[in-house]
Amino acid sequence: MTVRAAGVCALAAVLALGACGTTFVDETVATPDTSPTATTTTLVPVEPDAPLDDVLGEIETLMFDLDQKIVDNDGQTETLDRIDELWSVAEPRIRAGDPNDVYNFDQAIQLARTGVERRRPADASKGYKIMRTVIDAYEA
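Note that the structure is predicted; figures quoted are calculated from it, not measured.

Scoring rules and cut-offs
- Residues numbered from 1 in each chain as written.
- Predicted model: local features only at pLDDT ≥ 70, side-chain atom pairs only at ≥ 80, totals over all residues.
- Heavy atoms only, no water.
- Helix = DSSP H or I, 4+ residues; strand = E, 2+ residues; numbered from the N terminus.
- Buried < 20%, exposed > 50% of the residue type's maximum accessible area, 1.4 Å probe, protein only.
- Lys, Arg positive; Asp, Glu negative; His and termini not counted.
- Salt bridge = Lys/Arg side-chain N within 4 Å of Asp/Glu carboxyl O.
- Contact = heavy atoms within 4.5 Å.
- Phe/Tyr/Trp six-rings, centres within 6.5 Å; stacked < 30°, edge-to-face > 60°.

Undergrad: Help me understand the side chain of Glu60 in this model?
TA: With respect to the helices and strands, the residue Glu60 is situated in helix H2 (residues 52-64). One buried charged side chain, Glu60, makes no salt bridge at all; its nearest oppositely charged neighbour is Arg132, positioned 5.2 Å away. Dropping the residues within four chain positions of it, Glu60 is found in contact with Tyr128, Arg132 and Ile135.

Undergrad: Explain the pattern of salt bridges to me, please; I cannot follow it from the model alone.
TA: Note that side chains of opposite charge can pair when their charged atoms are close. Evaluation of the coordinates by the stated rule reveals 5 salt bridges. Residue Arg113 is joined to Asp84 by a salt bridge in which the shortest nitrogen-to-oxygen separation is 2.9 Å. Pair noted here: Arg113 is in helix H5 (residues 102-117) and Asp84 is in helix H4 (residues 76-97), with a separation of 29 residues, a long-range link. Classification of Asp84 as partly exposed rests on a relative accessible area of 24%. For Glu91, the salt bridge is made with Arg95, and the minimal N-O distance between the two is 2.6 Å.

Undergrad: I keep staring at the packing of aromatic side chains and nothing clicks. Help me out?
TA: By convention here, two paired aromatic rings are described through the distance between centres and the angle between planes. Under the counting rule described, the total for this entry stands at 3 aromatic pairs. Judged by centre distance (5.5 Å) and plane angle (80°), the rings of Phe64 and Tyr128 are edge-to-face. Remark: Tyr128 occurs in helix H6 (residues 121-139) and Phe64 occurs in helix H2; sequence separation between them is 64 residues. The class for Phe64 is partly exposed, based on a relative accessible area of 25%. Overall, the relative accessible area of 14% leaves Tyr128 in the buried class. Joined through ring pairs, the aromatic side chains of Trp87, Phe105 and Tyr138 make up one cluster.

Here it is in structure tokens:
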């Protein structure tokens, strides 16, 4: 084997093995969310007969920056509690319309839970993206 071929093989090995790393959250690098869509929600009890669009909209709003709350370790548990409270109102109504519609909503909620319980902001972010897509499809 030539020196050049050995160098190429070594480089390929370094690149391949370099992809197998551990994911961690470096809390010293996190930057605050300054996007104009970030909102503060005042928590009031959910009315059982609240419009479904409003309930789903609040869930989406709460999930929007849940990943950042996990990174900051600030308010994620309270946010998840509120999401669960809202979901307990929305889920039976969605199920009554078509039980098949519940699956994708529940998948997004489960990712939010996993994100908070295991401190995995990427799961919460993925849950938000799924929720946004599911709500848009459900309302159409």
